[in-house]
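# Examination of the molecular architecture
Listed here are the chains, written in short residue letters.
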Amino acid sequence: EFRRVLFRSESDIVAWLWRKDVERGDPARSRAAQALGARQAERPSPRVPVTELNPADLDGLAELRQDGICRSRDDRYSFGHDLYGDWARLRYLLSRSDDADGLFGGLAIGATSPLWQRALRLYGQYLLEQEGAVAWLRAMEAGAGATNHASMEGRLLEALALAQNAGECLDA
């Protein structure tokens, strides 16, 4: 399957790997990974106690653990690799991006967590590369009222510098 896929950008690669390795056609797996990623970013430790997770996500997490996406030890879950956590937080942001004002308002406190920083940058890149400069500008404007505006704006600006289509976006 890899040879037939055309990757133009990092967001293309992330989307392909998410579908292939994490989601595997089962939205429950994606939802469980997103929930773990978001909860993980709220904690000082990357290991999330099972008691802090939604019981509806436990079956999905068990499947992800069997596939090496997640790990579980002493009733605490974490990701098998930091990138899976970054991608889960990206998918969390994308799943809530229809309400950018609410999205960034909800992240106002948590966005200072180092674990949100890469996801915010990937989110900006995704918007630029997949949806265009207008979507990215909407996200910039929505983040302007957030408590951690500077942190979020910095990651979105970083995305502009790293986007595969940065030249097109700057011309828009």
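Please refer to the structure higher up on the page.
Residues numbered from 1 in each chain as written. Predicted model: local features only at pLDDT ≥ 70, side-chain atom pairs only at ≥ 80, totals over all residues. Heavy atoms only, no water.

### Focus on the packing of aromatic side chains
The relative placement of two aromatic rings is captured by the distance of their centres and the angle of their planes. Put simply, the rule is: Only rings of Phe, Tyr and Trp enter the pairing, Trp through its six-membered ring, and a pair is recorded when the two centres are within 6.5 Å. The plane angle decides the type: under 30 degrees is stacked, over 60 is edge-to-face, the rest tilted. Strands are runs of DSSP state E lasting at least 2 residues, helices are runs of H or I lasting at least 4, and numbering of each runs from the N terminus.
Applying the stated criterion to the full structure yields three aromatic pairs. Ring centres 5.4 Å apart and planes at 70 degrees place the aromatic pair Phe-7 and Trp-16 in the edge-to-face group. Aromatic side chains Tyr-92 and Trp-116 sit 5.7 Å apart centroid to centroid with 50 degrees between the ring planes, which places their arrangement in the tilted category. Remark: Trp-116 occurs in helix α6 (residues 114–131) and Tyr-92 occurs in helix α4 (residues 82–95); sequence separation between them is 24 residues.

### What about the packing of helix α2 (residues 27–41) against α4?
Axes are the key here: two packed helices are described by the angle between their axes and the distance separating the axes. Applied cut-off: Axes, fitted as lines to C-alpha atoms, cover a helix only where it is in contact. Angles between the N-to-C directions of the axes lie from 0 to 180 degrees. Our angle categories are set so that under 35 degrees counts as roughly parallel, over 145 as roughly antiparallel, 65 to 115 as roughly perpendicular, and the remainder as oblique. What makes two residues a contact is simply this: any of their non-hydrogen atoms within 4.5 Å. We call Asp, Glu, Lys and Arg charged. Ala, Val, Leu, Ile, Met, Phe, Trp, Tyr, Cys and Pro are nonpolar, and the rest, Gly among them, are polar.
Here α2 crosses α4 at 105 degrees, and the two axes come no closer than 8 Å. Taken together, the axes of α2 and α4 are roughly perpendicular relative to one another. Taken together, the residues of α4 that come into contact with α2 (itself represented by Ala-33, Gln-34, Gly-37, Ala-38, Gln-40 and Ala-41) are Gly-85, Ala-88, Arg-89, Arg-91, Tyr-92 and Ser-95. Residues of the contact of α2 with α4, tallied by class, amount to five nonpolar, five polar and two charged.

### Here's the deal with the nonpolar core
Short version of the rule: Each nonpolar core is a collection of buried residues, namely Ala, Val, Leu, Ile, Met, Phe, Trp, Tyr and Cys, held together in the definition by side-chain atoms within 4.5 Å. Relative accessibility decides the category of a residue: with a 1.4 Å probe and only protein chains considered, values under 20% of the type maximum give buried, values over 50% give exposed, and everything between is partly exposed.
If you look at the biggest cluster of nonpolar residues, it comprises 43 residues, and the most contacted ones within it are Leu-36, Leu-61, Leu-64, Cys-70, Phe-79 and Tyr-123. At the level of elements, α1 (10–23), α2, α3 (58–66), β3 (76–79), α4, α6, α7 (133–143) and α8 (149–162) are the ones that each hand at least two residues to this core. Among the elements that take part in this core, α6 stands out by supplying eight residues, more than any other. If we skip the residues at most four places from it in the chain, Leu-61 touches Ala-32, Leu-36, Leu-53, Cys-70 and Tyr-77.

### Digging into the sheet that holds strand β1 (residues 48–49)
Put simply, the rule is: Paired strands are those between which DSSP finds at least two bridges.
Taken in spatial order, the three strands make up an open sheet running β1-β3-β2, and their pairing is antiparallel. For this open sheet the edge positions go to β1 and β2 (70–73), each flanked by a neighbour on one side alone. Here β1 pairs with β3 via two bridges, running antiparallel. Within β3, the residue paired with Pro-49 across the bridge is Arg-76. Strands β1, β2 and β3 of the sheet are contacted by α2, whose axis makes an angle of about 100 degrees with β3. Here α3 sits on the sheet and contacts β2 and β3; the angle it forms with β2, its principal contact strand, is near 105 degrees.

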